Structure formats: structure tokens, C-alpha cells
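Per-entry structural report
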Amino acid sequence: MIDSLGGDIIEVALLKHQSKQEENAKPLLLLEKSRKRTYYAQSGLSGPSGTEDKYLKARFSSSSSNYKMQNKEDLVVDLYFNDPSGIHLTKRYTFKHNDYLIGVDYIINNQSGKVWNSRYFARIKRDDSADPSAENAAFGMQSFLGAATTAADDKYKKIKFKKIQKENTSFSNEGGWVAMIQHYFVSAWVHPKNEKHKFYTLYSSEPNGTWVNVIGFHAPIEIQNDEIRTVGAKFYAGPKDQYRLKEISPNLDLTVDYCWLWWIAQPLYTLLYFFAIGEAHLFGEVYEVFPGFGTVSYTHLTLPTNREV
């Protein structure tokens, strides 16, 4: 579910993962923006005529309020915003069959008659609510709930919510990702490998008074007059499939944190993955043996045109 105000991703329901171990249980809500929980993903342009500042967000329009993937074709959802100054924006979401990775791009057309300076940002916001996917954790063990990123001096940098609430942090990095982690599942913004961004964390309040933990990155952009430029990032929201995460970005697979149980958990995961997908991952090579007994798909999206949040 995408909010037309700002184009934020405010709900992700995982159709192949149930909220409870019961027959006909509802899909697990990984992301949601409701009265009981705040956990959603934002991206935008801040600065002069940008899509967001402290007091105002852009209201995007679209050709439809509901979209559904047809067969295995990519699902492209375009949102539009035209600023009176002559800046024309298209926020494009691209969904692929059988994949939890979403493309989120801004196509910027500068017809303002002058250079346009802004700042592209992507961030994830989450409150302190409990992890709904950890209710049935084995042996009563509690998995890490918090933020994470990667840095030149630390491939997998976990950041507790208490630390975010105590102090803001920032550092520059080329390539990389920012993530929110919970039991079994992860959401992450991944930016282009060869571009330098500033990563940061902060603790801030929402318009409704809810306090949220924030992790994100931003970078300045400059668009010449009559120039059309595309900027953006990828957003992952789904299970901790370590092989897929490793393909998406270096060190993102480390969000599957086995700690001291790695010596038994790693081979067990390899075995379970083989039976589920039919792929054998051995010595850095992938062998497709059979179709597997289970697959995942991401096929349906709802876009409310006038949602108040």
C-alpha cells in the first residue's frame, strides 16, 4: 500500500507468510502505518520545490488506485507531481515477479528555466513496538530487533533503538544499504554501488506524536535546466533469504545473523533452502536440481488515492 501523500510505502503484506500458525490466517504485515504500529519506508526530494520538507509533502496522482501484476510481467506504477515552478516529477515503482526487491526511482524533468538543487533521501521509520514475527520463536529466544547498515570499517553494523534514541549518528559511504531487522524478516534501502551518500540515524516525532527510530541516507543532486535525470534506490521487504540478499548488495546477507549458532544454522539453512527452492548452493556455485516444494511471489498492490495518515 502506497500513500499518495509523499508516495511512501505504508503497508507490505507478505502473501506467502501467515501472521499466525493457523489455517486461513491473515498474511503477515511486515510494514504498516496504523494506530497500533508505525513502520514504513520513505523516499523523496527535499529542498527548494522538493517533494517534502518539515511542513509540506507532495500529493501525487496516478492513473489508477489499484494495480495487479499480470502473469510474470513487471508491474510499473507511476505517480506524478508537477510543481508550479516547472519541475515535473514521476515517482516510479517497479515490481518484479517472484521477487521482494522493488525499484523506486524519481524521473526529474527540469523546465523551471534555472538550475534546480535538491537532495535525494531514502529512510525507514519504526517505533518501539514488539516484533510480531517473534511470537513463536523457538526455545523462547529473542532475535535482534533494530536497525543495521554497512560501513567501510564494519561490514555489518547493528544499531539498537536505545542507541538511536540516545544520539544521532552519521557517516559517508559509497554503496551500501540501511535496514530494519526483525525475526525472519528484513526491510532495506539499497543505493547504487558507485554513488556516495551520507548515512544517518535519528529519533524523531511523527505528526501524530508517535516517536520513531529512523535510519536512512541522503545525497545532494543538481539538475540543469531542460535536463531529465533519474535518481533512486532499491527497496527490499521480505524474508531473510540470505542467497537473494547477497545478490542484491554486499554484506546484506549478514542480516541473517546466526551468532554463535552459525556452525549448525548455516548448513541447516542450506538444506532447507534446497528442499524449498530446489537449488543447491555449494562452494560458491548454484546448481538447479529440481523445482522445489515451495516458492514465493509478490503480486498485488493497493494504492489509496486519498489516505490520511
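Counting from 1, residues in each chain are numbered in the order their sequence is written. Reporting of local features is limited, given that this is a predicted model, to residues whose pLDDT is at least 70; pairs of side-chain atoms are given and counted only at 80 or more, and all residues count toward the totals for whole chains, interfaces and linings. Water and hydrogen atoms were dropped before computing side-chain values, which therefore reflect all heavy atoms in the structure.

**A closer look at the overall build of the chain**
Along the backbone of the chain there are three helices and 19 strands. Residue exposure (1.4 Å probe, protein chains only): buried if accessible area is under 20% of the type maximum, exposed if over 50%, otherwise partly exposed. Residues counted as buried form 48% of the 309 residues belonging to the chain. Contacts were defined at the residue level, with two residues in contact if any of their heavy atoms lie within 4.5 Å. Restricting the contact set of the chain to residue pairs at least 6 apart, pairs at least 24 apart contribute 61%. Working note: accessible area of the chain is about 16,600 Å², and carbon and sulfur atoms make up 52% of it. The secondary structure listing takes helices from DSSP runs of H or I that are at least 4 residues long and strands from runs of E that are at least 2 residues long, numbered from the N terminus. For accessible areas, the Shrake-Rupley method is used with a probe of radius 1.4 Å. Any residue's cover is judged against the shown protein chains and nothing else.

**Considering the environment of Asn110**
Inspection of the secondary structure assignment puts Asn110 in strand β7 (residues 101-110). Looking at Asn110, the relative accessible area reads 0%, which means it is buried. Between the C-alpha atoms of Asn110 and Ser85, which are 25 residues apart in sequence, the distance is 9.1 Å. Setting aside anything within four residues of it in sequence, one finds Asn110 in contact with Gly86, Ile87, Val115, Trp116, Ile223, Gln224, Asn225, Asp226 and Glu227. Polar contact is defined as a pair of N or O atoms within 3.5 Å, subject to the rule that within protein one atom must be able to donate a hydrogen and the other to accept it, and that residues adjacent in sequence are counted only when both atoms are side-chain atoms. A polar atom in the side chain of Asn110 sits 3.0 Å from the backbone oxygen of Ile223.

**A closer look at the pattern of salt bridges**
Salt bridges are counted wherever a side-chain nitrogen of Lys or Arg sits within 4 Å of a carboxyl oxygen of Asp or Glu. Across all of its chains, the model carries nine salt bridges by this definition. Across the pair Glu206 and Lys125 runs a salt bridge, and its minimum N-O distance is 3.2 Å. Residue Glu206 is located in the loop between β14 (196-205) and β15 (211-223), and its partner Lys125 is located in strand β8 (residues 116-126); the two are separated by 81 residues in the primary sequence. Of the two residues, Glu206 and Lys125, neither departs from the other in class, the shared state being buried. A salt bridge links Arg244 to Glu247; the nearest nitrogen and oxygen atoms lie 3.1 Å apart. Here Glu247 and Arg244 lie together in helix α2 (residues 242-248), a separation of three residues that amounts to about one turn. The exposure class of Arg244 is partly exposed, given its relative accessible area of 22%. Its relative accessible area of 59% is what places Glu247 among the exposed residues.

**What about empty space enclosed by the protein?**
Grid points spaced at 1 Å over the protein atoms alone were grouped into cavities, where a 1.4 Å probe fits but cannot get out, and pockets, open sets with protein on both sides within 12 Å along at least five of seven lines, with lining residues defined by an atom within 4 Å of a point. Grid points are joined across faces, edges and corners, and a volume is the space filled by probe spheres set on the points. What the rule picks out here adds up to two cavities of 30 Å³ or more. Space inside the largest cavity adds up to approximately 60 Å³. If you trace the largest cavity, you find it lined by Thr149, Lys157, Ile159, Thr169, Phe171, Val178, Phe199, Tyr200, Thr201 and Ile215. When contributions to the lining of the largest cavity are tallied by element, the ones reaching two or more residues are β10 (154-159), β11 (169-174) and β14. Taken together, the residues that form the lining of the largest cavity break down as six nonpolar, three polar and one charged. Each residue gets one label: Ala, Val, Leu, Ile, Met, Phe, Trp, Tyr, Cys and Pro are nonpolar, Asp, Glu, Lys and Arg are charged, and the others, such as Gly, are polar.

**With respect to the sheet that holds strand β12 (residues 177-181)**
Between any two strands, pairing holds if DSSP finds at least two bridges. The antiparallel open sheet is built from eight strands, whose spatial order is β5-β6-β7-β16-β13-β12-β9-β10. Each end of this open sheet is capped by a strand with a single partner; those strands are β5 (75-82) and β10. With strand direction ignored, the average angle separating the axes of adjacent strands in the sheet is 20°. Examined bridge by bridge, β7 and strand β16 (residues 228-239) share nine bridges and lie antiparallel to one another. Directly across from Ile107, in β16, lies its bridge partner Thr230. Helix axes are fitted only over the stretch in contact, all axes being lines through C-alpha atoms; the angle between N-to-C directions runs from 0 to 180 degrees.

**Focus: the nonpolar core**
We call a set of buried residues a nonpolar core when its members are Ala, Val, Leu, Ile, Met, Phe, Trp, Tyr or Cys and they connect through side-chain atoms within 4.5 Å of each other. Ranked by internal contacts, the top residues of the largest apolar core, which has 63 residues, are Leu45, Tyr93, Ile108, Tyr120, Trp189 and Phe235. Those residues within four positions of Phe235 in sequence are excluded, and the remaining contacts are Ile9, Leu31, Ala41, Tyr100, Leu101, Ile102, Val104, Ile124, Ser187, Ala188 and Trp189.

**Comments concerning the sheet that holds β8**
Strand order in the open sheet formed by seven strands is β1-β2-β3-β8-β15-β14-β11, with antiparallel pairing between adjacent strands. Each edge of the sheet is formed by a strand with only one pairing partner; in this case those strands are β1 (11-18) and β11. If you compare each strand with its neighbour and ignore which way they point, the axes differ by 25° on average. Across six bridges, β11 lies against β14 in antiparallel orientation. Pairing of Phe171 across the sheet is with Phe199, part of β14.

**Points about unusual backbone geometry**
In this structure, Asn71 takes a positive phi of about 55° despite not being glycine. Residue position: Asn71 is located in the loop between β4 (66-68) and β5. Backbone geometry places Tyr184, a non-glycine residue, at a positive phi of 75°. Residue classification places Tyr184 among the partly exposed residues on the basis of a relative accessible area of 45%.

**Considering the confidence of the model for the chain**
On average, residues of the chain score 84 in pLDDT, and 77% of them reach the 70 mark or higher. By definition, pLDDT measures how confident the predictor is in each residue, and it falls between 0 and 100. With pLDDT under 50 throughout, residues 295-301 is counted as low confidence; its partners more than four residues away or in other chains account for 29 contacts. Confidence drops under a pLDDT of 50 for residues 304-309, and excluding neighbours within four residues, the segment shows 18 contacts in the predicted structure.

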